[in-house]
Amino acid sequence: MPIATVNPATGETLKTFDELTPEGIERCLATADAAFRRHRATGFAERARLLGRAADLLEADQDDIARTMTTEMGKPLTAARAEAAKCVKAMRWYAANAERLLADEHPPEADVRDSGAARARVHYRPLGPVLAVMPWNFPLWQVIRFAAPALMAGNVGLLKHASNVPQTALYLEDLFRRAGYPDGCFQTLLVGSRAVEGILRDDRVAAATLTGSEPAGRSVAAVAGDEIKKTVLELGGSDPYVVMPSADVERAATVAVTARAQNNGQSCIAAKRFIVHEDVYDAFAERFTAGMAALTVGDPMDESTDVGPLASESGRDGLAELVDDAVRQGASVLCGGDRPGDLAPGLERGWFYQPTVLAGITPGMRIHQEETFGPVATLYRVSGIEEAVQVANDTYFGLSSNVWTRDDEDVDRFVRDLQAGGVFVNGMTASHPALPFGGVKRSGYGRELSGHGIKEFCNATTVWQAS
């Protein structure tokens, strides 16, 4: 795949970039290795000063970088601005909290004495240069949520971004440079996926983090496993959105539209499978379908647009194939199901897809198991909590989940039995710097954000002293 900015609203190639040569990669690795030796020796106050300065610069750049993201991957401009603001918040949060999160831990005195020590503690040390393989769907946020904690811990970053967001990737390197970080603390590597294995196998690279597809995760995990290097993987999701009889159905349906259509439906943590108790199914389906059908599809630079184009033609066509397969096998189309370019003038050149709701899903349909990365929702009718849990867990993925109920016993049951990295009750899944984020099953392993995330790329060192 060429490294290029291609506007998904028009299909026009706006700018292409040369891939780093092997010599260029070597220079970046050597620079990162030298930068780590310096950066690891700095204190939290200096790291916080640098990250705070980067946050200030990003805040000032918010409108410009939002337009770049929208141009490169098609998210509505309002959503792009919100993404930039979220990054600023996370950077400031880690600048303020990293020292507390990585403070030495002291075991209970009785346990210390039992170990034969006079004193003992756990000290957190950075690992080294961390390779980050990042996706296009949240091209700023996915990187910052890795970079902010990694840099505050004393690590340095090597970014291999998706090939369709090169200008956003280069902006990130420039952002940290302008903030005053020493040369090599954060570098963007304009390389294709074939270069990842060689970079990861280099002895100077300590660990890797990847957000992306299951095949990409398997590939990086296999190489890292062979090299015995730490990895964190955040992969796909097919998150359930369960609505029980005691729920506020009107509110659940309204939030469901946002939960499914956010980021043009291209989000790992977007709700995708809507599992509704039969007692409230008809009321929910009517409101939800009306809400999805009312979304405005159009130019993502237009402030009134709710849903822009998908990021690539192949992504749009793959989504259409999933819908077509389900319809051939008997699924009902409650709304959508078409490429808007066939219906609305001005959209025919872009990679748009109508917000779509399908009902009557059966296990034999591809859409029952495969992730729908676009504004397509599937509806399931269930008879009770047992069936709701069964359908919710009937997926290879386990990233997050949503539950709507006012019954505390329902909440306890879903928290206990849903196979997911998060359970969001009476609200949609969202990431926040203070809360751990990640999944189970084929959604990956490890955690980002919070204290859990900053410790993923630290060496938890036991310090034992006899006297």
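Residues numbered from 1 in each chain as written. Predicted model: local features only at pLDDT ≥ 70, side-chain atom pairs only at ≥ 80, totals over all residues. Heavy atoms only, no water.

Enquirer: Help me understand the overall build of the protein in this model?
Expert: In terms of regular secondary structure, the protein is built from 16 helices and 17 strands. The C-alpha atoms of the protein give 23 Å as radius of gyration, which agrees with the globular expectation for 467 residues (23 Å, within 12%). Seen along its three principal axes, the alpha-carbon backbone of the protein occupies a region of about 70 × 60 × 40 Å. Buried residues in the protein amount to 56% of all 467 residues. Long-range contacts, defined here as pairs at least 24 residues apart, represent 73% of the contacts in the protein between residues at least 6 apart. When the accessible surface of the protein is split by element, carbon and sulfur atoms take 49% of a total near 18,800 Å². (Helix = DSSP H or I, 4+ residues; strand = E, 2+ residues; numbered from the N terminus. Rg over C-alpha atoms; globule rule 2.2 N^0.38 Å. Buried < 20%, exposed > 50% of the residue type's maximum accessible area, 1.4 Å probe, protein only. Contact = heavy atoms within 4.5 Å. Areas by Shrake-Rupley, 256 points an atom, 1.4 Å probe, with all protein chains shown as cover.)

Enquirer: What am I meant to see in the side chain of S163 here?
Expert: By secondary structure assignment, the location of S163 is in the loop between β5 (156-160) and α7 (166-178). Setting aside anything within four residues of it in sequence, one finds S163 in contact with M1, P2, I3, A4 and V191.

Enquirer: What's the story with helix α11 (residues 281-293) in this structure? I'm lost.
Expert: Spacing of three or four residues puts side chains on the same side of an α-helix, whose turn is 3.6 residues. For α11, built from 13 residues, the straight-helix expectation of 18 Å at 1.5 Å per residue is met to within 8% by its first-to-last C-alpha distance of 18 Å. The set of residues buried in α11 consists of Y281, F284, A285, F288, T289 and M292. Taken down its axis, α11 places every buried residue within 120° of arc, on the same side. Seen from the buried face of α11, the exposed residues on the opposite side, beyond 90 degrees, are D282 and E286. For α11, the secondary structure elements touched by its buried residues are β9 (239-243), α10 (249-261), β10 (271-277), β11 (332-335), β12 (356-359) and β13 (376-382). (Expected span 1.5 Å × (residues − 1). Arc of directions from axis to C-beta.)

Enquirer: I keep staring at the packing of aromatic side chains and nothing clicks. Help me out?
Expert: For any pair of aromatic rings, geometry is given as the distance between the ring centres together with the angle between the planes. Following the criterion strictly, the structure yields 10 aromatic pairs and no others. Seen from their ring centres, W136 and F373 are 5.8 Å apart, and the 80° between their planes marks the pair as edge-to-face. Within this pair, whereas W136 is found in the loop between β4 (129-133) and α6 (141-153), its partner F373 is found in the loop between α13 (366-369) and β13, the two being separated by 237 residues in sequence. The interplanar angle of 45° and the centroid separation of 4.8 Å between the aromatic rings of F176 and F186 together place this pair among those described as tilted. Remark: F186 occurs in strand β6 (residues 186-188) and F176 occurs in helix α7; sequence separation between them is 10 residues. (Phe/Tyr/Trp six-rings, centres within 6.5 Å; stacked < 30°, edge-to-face > 60°.)

Enquirer: Mind showing me how you'd approach the side chain of T211 here?
Expert: Here T211 lies in strand β7 (residues 207-211). By relative accessible area, which is 3% here, T211 ends up buried. If sequence neighbours within four positions are ignored, T211 has contacts with V133, M134, P135, Q142, R145, E234 and E448.

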